[in-house]
Amino acid sequence: MGLRKAFLRLATIGLSIGLMTSAALAANLRVLAWDGYADAGRGGEVLDPVGIGVDVVFIGSDDEIWAKIKGSEGQDFDVFAVNTAQLQRYIKADLVSPIDVTKLANQKDVLPRFRDLTAVSGVTKDGKVYGIPFCFDSIGLIYDTDKIKPAPTSMSVLWDPAYKGKVLAYDNGEHNFSFTALTLGYKDPFNLNEEQMAAVKAKLVELKRNVLSFYTTADEAQQIYQNNDVALIWANYGQQQVKALQKIGAHVAYVNPSEGALAWLDNWVISKGVRDNAAAEKWIDFMLSKRVGGELSERTGFGNTVTETGSAGGNDKLVWLNNVEDPLKRSDMWNEVKATP
């Protein structure tokens with residue numbers, strides 16, 4: 001996802017934590033992770049349950065993960081983190097191993113929406129579990145609490161003529177087509193037919209006429225907010241964006257729309273080339289502890305799958321990002337939207 005580059009700038013500095021040695025096992029556990037997922041702040045606490053040293057390599061894009069795992073056919077890493085929109089690609093390429101959930105004691109205590117893995121799109125295949133949800137964030141709506149009362153409940157507020165010229169939207173065709181499809185009531189926002197695509201495009205042209213500006217980074221959105229009369233922001237960067245705005249004194253709040261909020265979900269997976277399956281399972285199980293989840297959310301603003309956070313309440317509807325029917329077509333149509341007077 002393109003979102004990830006911005007996430008990394010806001011995550012804490014991660015460091016390799018291969019510090020311990022073990023007489024029982026000579027080889028360290030090899031972990032490939034996003035910055036902030038396995039930082040030195042937890043040090044020995046992470047290593048104690050695993051019982052061996054841990055070597056962490058940090059990555060900065062989905063393409064980099066694929067290059068490292070596919071390049072070695074899964075032999076260079078034991079455990080890595082990947083989102084649900086990408087995981088099926090690894091399963092199809094036979095680069096990941098099934099996970100025995102019975103070995104993960106903490107899985108039974110995760111939040112209800114992540115407990116039944118058969119109900120989490122993208123983490124299973126042919127009855128086998130390949131991904132264990134770890135952290136997530138929704139892509140919701142930021143609103144200025146001084147300018148909008150009562151709190152909005154739907155993305156449809158972005159089209160309200162009362163806020164013409166006071167809306168910030170994200171410059172991305174793929175996500176914009178998806179969230180607008182949800183607003184129009186389409187069941188599958190990632191697989192739109194020709195008629196639906198045309199309707200979404202027309203709706204986006206309407207949105208454009210209400211928008212003050214389109215932004216690409218969270219910093220850019222913040223600068224525009226500070227220098228203009230902004231009431232609503234389609235929050236591509238979720239809770240991190242809220243925290244950054246509140247830090248500068250903005251009176252803003254965040255909601256996940258009733259029609260469903262797009263959301264990304266990262267999972268721990270075990271590589272096909274895992275050298276010590278038991279150690280990999282211990283790593284994943286520890287990552288599901290309440291303390292690890294709480295610390296992750298405190299540092300990054302991401303939601304975790306163990307403790308409740310501001311990213312989504314138990315009744316919020318989240319629509320996990322998935323591959324779309326035609327990324328190039330969406331991009332072309334989005335450019336046409338922006339070019340429309």
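Conventions and cut-offs
- Residues numbered from 1 in each chain as written.
- Predicted model: local features only at pLDDT ≥ 70, side-chain atom pairs only at ≥ 80, totals over all residues.
- Heavy atoms only, no water.
- Salt bridge = Lys/Arg side-chain N within 4 Å of Asp/Glu carboxyl O.
- Buried < 20%, exposed > 50% of the residue type's maximum accessible area, 1.4 Å probe, protein only.
- Helix = DSSP H or I, 4+ residues; strand = E, 2+ residues; numbered from the N terminus.
- Arc of directions from axis to C-beta.
- Contact = heavy atoms within 4.5 Å.
- Pairing = 2+ DSSP bridges.
- Axes fitted to C-alpha atoms, helices over the stretch in contact; angles between N-to-C directions.
- Parallel < 35°, antiparallel > 145°, perpendicular 65-115°, else oblique.
- Left-handed = near helix turned anticlockwise from the far one by under 90°.
- Nonpolar A, V, L, I, M, F, W, Y, C, P; charged D, E, K, R; others polar.

Asks: Looking at this model, I keep getting lost on the pattern of salt bridges. Mind explaining?
Replies: Pairing between side chains of opposite charge can happen when their charged atoms approach one another. With the rule as written, the count across this model stands at 13 salt bridges. In this structure, Asp144 engages Lys147 in a salt bridge whose closest nitrogen and oxygen atoms are separated by 3.9 Å. In this structure Lys147 comes out as partly exposed when scored by relative accessible area, which is 37%. Ionic pairing is found between Glu336 and Lys201, a salt bridge with its closest N-O pair at 2.5 Å. Residue Glu336 is found in helix 11 (residues 327–339), and its partner Lys201 is found in helix 6 (residues 194–208); the two are separated by 135 residues along the sequence. Relative accessible area serves as the criterion here: at 23%, Lys201 is assigned to the partly exposed category. A cluster of three or more residues bridged by salt bridges with shared partners is formed by Asp144, Lys147, Lys166 and Asp229.

Asks: Explain helix 7 (residues 218–227) to me, please; I cannot follow it from the model alone.
Replies: The periodicity of an α-helix, 3.6 residues per turn, causes residues three or four positions apart to be oriented the same way. Within the span of helix 7, buried status applies to Ala218, Ala221, Gln222, Ile224 and Tyr225. Angular distribution of buried residues about the axis of helix 7 spans 165 degrees; they occupy a single face of the element. In this structure, the buried residues of helix 7 make contact with strand 8 (141–144), strand 9 (167–170), strand 10 (211–215), strand 11 (232–234), helix 8 (238–247) and strand 12 (252–255).

Asks: Sorry if this is basic, but what is going on with the sheet that holds strand 11 here?
Replies: Hydrogen bonds between backbone atoms are what pair the strands of a sheet, whose relative direction is either parallel or antiparallel. Pairing is mixed across the open sheet formed by five strands, whose spatial order is 10-9-11-8-12. Of all strands in the sheet, those bounded by a partner on one side alone are strand 10 and strand 12. In this sheet, neighbouring strand axes are inclined to one another by 20 degrees on average, regardless of whether the strands run parallel or antiparallel.

Asks: Honestly, the packing of helix 3 (residues 62–71) against helix 4 (residues 84–92) in this entry has me stumped. Any pointers?
Replies: Orientation of helix 3 relative to helix 4, taken along the N-to-C sense of each, is 15 degrees, at an axis distance of 12 Å. Here helix 3 is positioned roughly parallel relative to helix 4, judged by the angle of their axes. The handedness of the crossing between helix 3 and helix 4 is right-handed. In this structure, helix 3 contributes Asp62, Ile65, Trp66 and Ile69 to the contact, and helix 4 contributes Gln86, Arg89 and Tyr90. Its residues assigned to classes, the contact of helix 3 with helix 4 comprises four nonpolar, one polar and two charged.

Take it as geometry only, folks, not as evidence of what the structure does.
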